[in-house]
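Listed below are the residues making up each chain.
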Amino acid sequence: MTSLPDQAHPDRTLPGSTRPPGGEPTPTHSRRRFLTYLVAAPTLAVAAQVVADVAGPATARALPSLPAPAEVLDLGDVLILAGKPTEDLIVVSVDQRGRVGLALPRAEVGQGITTAVAMLLADELDVPLSSVDVTLADARPELVFNQLTGGSNTMRSVYGPVRRAAAVARARLLAAAALRWGTTPGALTVTDGVVSGPGGRSATYGELSAAAADRTLTVALAAPKPTAQQRVVGTPTNRVDARAMVTGQQRYTLDLDVVPGALPTMLRRPPTINGTVRSLDNEAQLRAMPGVVDVAVVRTGVAVLAETFGQARDAVAAVQATWGPGTVDGEDDASIRRTLRAATPPPLAPGLLVQTVDAEFDFAFVSHAPLEPNCAVAHVTADRAEIWSPLKSPIVAQETIAAELGLPVSRVTVHVVQGGGSFGRRLFSDAALEAARVSKATGRPVKLLWSRIDDMRHGRARAASHHRIRATHAAGDVLTFEHRVASVETDFGHGLGEILTSVAASLPVAGNLSFAQTVFLTTVHSPYHLGVTTQTLSEVPLQMHTGSWRSVYSANTRGAEEVVVDELAAATRRDPAEFRRRLLKEDRFRAVLDRVVQEGQWGRRMPRGTAQGLGFHAEYKGCTACLVEIDARDPQDPRVTRATIAVDVGRAVNPRGLEAQMLGGLTDAIGTTLRAGLHVVDGLPLEGSYSQFHYTRQADSPTDVRVFVVDSGEEPGGAGELGVPAAVGAIANAYARATGTRPRSFPIVFPVDFEPFPR
Amino acid sequence: MPNYTFQLNGETVTVDAPADLPLLWALRDKLGVTGPKYGCGIDVCKACTSHLDGEAIRPCVTPTAEVAGREVTTIEGLADGDRLHPVQEAWLEQDVAQCGYCQPGQIMAAVALLRRTSDPTDAEIDEIQNVCRCGTYVRIREAIKAAAARM
Ligand code: FES
Ligand code: FES
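Residues numbered from 1 in each chain as written. Chains lettered and ligands numbered in written order. Predicted model: local features only at pLDDT ≥ 70, side-chain atom pairs only at ≥ 80, totals over all residues. Heavy atoms only, no water.

S.K.: Go over the nonpolar core with me, naming the residues and quoting the values.
M.R.: By size, the foremost hydrophobic cluster in this structure holds 85 residues, and its most contacted members are Phe365, Val488, Met544, Tyr690 and Phe693 of chain A. Here this core takes 5 residues from helix α1 (residues 23–30) of chain B, the largest share from any one element. Every residue in contact with Phe365 of chain A, bar those within four places of it in the chain, is listed here: Ile336, Ala461, Arg462, Ala463, Ala464, Val488, Met544, Thr546, Gly677, Leu678 and Val680 of chain A. By size, the runner-up hydrophobic cluster in this structure holds 50 residues, among which are Val92, Val162, Leu208 and Val653 of chain A. (Core = buried A, V, L, I, M, F, W, Y, C linked by side-chain atoms within 4.5 Å. Buried < 20%, exposed > 50% of the residue type's maximum accessible area, 1.4 Å probe, protein only. Helix = DSSP H or I, 4+ residues; strand = E, 2+ residues; numbered from the N terminus. Contact = heavy atoms within 4.5 Å.)

Here it is as structure tokens:
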């Protein structure tokens, strides 16, 4: 692909983008210059590039006094900063049928980003949403750090580049029409992809696209529409892929028919985490089983390839092997909890004349458990490999697979397939890598499926953690707030470490911090003025399969803090809503809190055994408050009956999608706070299905839920993970009030109420 | 291997499969019908929910031999050509789906519920066990009620 510099101009449209003479830069991302490129293509294809970007977010903030690092530069800022040099490589095209296209270098896993990006394009280009095709880009190594879906960052990171490229595409189409009709672009209007000019002349984008792609065309400066002129962005919009989903036409990885002869493949895995295969003892018997085509031993287990998954599953169950030990064979919940407690620094001794609120919390491991299990299609031959899988970090997947197969990266094609959920899980490419290994070992194309049992036991999980919190107060004022977290090591080996290294000089943290500590400090911060506030993370190096789980550290860390905030309110004899209101750092925080207090009728009388609870959370430039009501008349069988949520993420690109994200966050919080976790026994989780890992079902879900979207800004903040921590706090607080207990261990109701599957 | 003939989404199909092969894999791996999804294989997640003679079944635990001579409907066979079933329409209106993976099963479960009772209560909706890991339950409930009102 060749490109040609087309124009250079400062972005002049965004309010707040100018720099007052002699003053500090204003806190927007727009104090930069942009280059747009015309990309060589048969149809119009435009990309926008940022140049001379000397002012990253790190230096462009008005700093509040004593801010936490995450308030200066959060993980989303880090991802934007790292992706900046290549954000121009997002290309908008308009073809001769007038269809607008964009291959998004992110993964759609249910969060609705393809819809939101299609809305940006439809708005900027004045075309109907139905004329826009947003697909998922293959791994593009030239994007370096700009193809990772995480940190609630997609809309934050593409909002500018996509709209800028679209604005230039529109300007070129208008310039082409103006030239054809001997007029100026200013005399033209666009409706639904049709350009109209003086004298009743009109032409479709499709008719103009070839002329618009002509490099000799002169085009005036173009900048995205100001917020006030947006017609699609900000309007509740249904998903563009909804029809495919309700008719069964949406194709997930294992629905694809892309490699003729790709065989259903499953694995038998060792009985403990990271165990090994010493020997396969009944290969001949397996090969003789009905439908079995091939058998191979790979690093992670014994693979069986069969005509159907049903037959592969039967053969996998019949595997007899000698297994080597894993990495945590002797560990169980009790030993891990002891280790975590030992690793949690004690709180500082309080001063003499102050009172303290102390609390310790434990959080269990939690499976990501996306409903589509780990899966991939792989076709490896002697000199190349082709992979299909739902991947949020496909460049790292490509590099890892290339290294494993001994192939140059250019010989490994990685297709990103829309996924059936992620919650952090698809940051890792373990299924893709395993499928590539099996395909190489057998010389056959494979369709790899992890059984649900394997997905829960050998898949990844949010790391278990222990929390020690001490707050001190005197005369009704909170003086200090100290939160020491110890967590089982979280694996960030999906490319985030490299990203953090690439922007190390801009990070607002100092000292010899691990990646995990850096992530902790760039995601967790208190939204309250709680005096001298300290939040730290220590990690325990247990080699288990972990990974960040929707909201990374915040669900546990901030969830526990919300519980302590309620206890502090009680200790200082204040109403929890009034207490929060007084201590919240920003007016927009108070606005969402006030909204739920009012809409959710905070303080209304509740029958015995039922209660209300409040939670608040802010991250990635967004904030939310959650008010729930719980029925805990049977403390072992609590149900959240009602929820009121208010959310402000700045510019809400698709309020309907944002509402869906908040509903998802609430549902995650109901599950993980009340009932859903993993028990580890002898180096392996016991849970192997949703009958054992008690994720929320319809019967656990409230019948009365309202979400209020407050649209407060020019740029979108992060939304995908925001909903979890506030709801965790609200549910725990409601449970505490309803039962008169102090929840300290999560999930709250967590018996082993099932017969575990054999190992 | 034995042959089994049955009605699938209004057409007669014959599949060559072991008698005990779960219908899910006969559908997906032999007949190329991929609407019903695997989420557990043991009748827990209900992602594979389809209909046998109009009633909800879980193909992951239904032996292929059992459907011989009978009528199987998957999500692909619910609409009448381009005309969606009212439950599918309600799903679109409420914008229920997030990742969408559970939705074929959710819709087939809802259709079966509405066949049993035209005006389901909240308690009856609560009995639907289908897991939605994305947490679309609130909208599912609204969509079922909207579909009930429309039918
Ligand atoms: S796959 Fe059939 S119930 Fe889960
Ligand atoms: S929409 Fe993702 S599992 Fe239900």
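S.K.: Tell me about the domain arrangement of chain A, residues and numbers included.
M.R.: Quoted interface sizes are often the accessible area lost when the parts come together. Residues and elements named next belong to chain A. Parsing chain A into structural domains produces domain 1 (2–17 + 27–74 + 461–746), domain 2 (79–238) and domain 3 (253–327 + 369–457). Facing 16 residues of domain 2, the contacting portion of domain 3 comprises 18 residues. Here domain 2 packs against domain 3, burying approximately 1,200 Å² in sum over the two surfaces, 62% of which is carbon and sulfur. When the area that domain 2 buries against domain 3 is broken down by residue, the three leading residues are Val109, Asp138 and Ala139, summing to 37%. Applying the counting criterion to the domain 2 and domain 3 interface returns 0 salt bridges. Along the contact surface separating domain 2 from domain 3 lie 5 residue pairs in polar contact (both at pLDDT 80 or more). (Domains from an automatic or database assignment. Buried area = accessible area lost by both parts, 1.4 Å probe. Salt bridge = Lys/Arg side-chain N within 4 Å of Asp/Glu carboxyl O. Polar contact = N/O pair within 3.5 Å; in protein donor to acceptor, adjacent residues only side chain to side chain.)

S.K.: Could you give an account of the confidence of the model for chain A, with specific residues and numbers?
M.R.: Residue and element names in this part refer to chain A. Here chain A averages 90 in pLDDT, while 91% of its residues score no lower than 70. Here residues 1–34 is modelled with pLDDT under 50, and outside its nearest four sequence neighbours on either side it reaches 84 contacts, counting other chains as well. Residue range residues 50–65 is modelled with pLDDT below 50. Its contacts to residues more than four positions away, or to other chains, number 32 contacts. (pLDDT = per-residue confidence, 0-100.)

S.K.: Tell me about the packing of helix α3 (residues 103–116) of chain B against helix α5 (residues 137–150) of chain B, and please be specific about residues and values.
M.R.: Residue and element names in this part refer to chain B. Interaxial distance between α3 and α5 falls to 11 Å at its minimum, and their mutual angle equals 40 degrees. Looking at the two axes, α3 sits oblique to α5. The handedness of the crossing between α3 and α5 comes out as right-handed. Contact with α3, carried on its side by Gln103, Gln106, Ala110, Leu113 and Leu114, involves Ile140, Ile144, Ala147 and Ala148 of α5 and no other residues of that element. For the contact of α3 with α5, the class distribution of residues is 7 nonpolar, 2 polar and no charged. (Axes fitted to C-alpha atoms, helices over the stretch in contact; angles between N-to-C directions. Parallel < 35°, antiparallel > 145°, perpendicular 65-115°, else oblique. Left-handed = near helix turned anticlockwise from the far one by under 90°. Nonpolar A, V, L, I, M, F, W, Y, C, P; charged D, E, K, R; others polar.)

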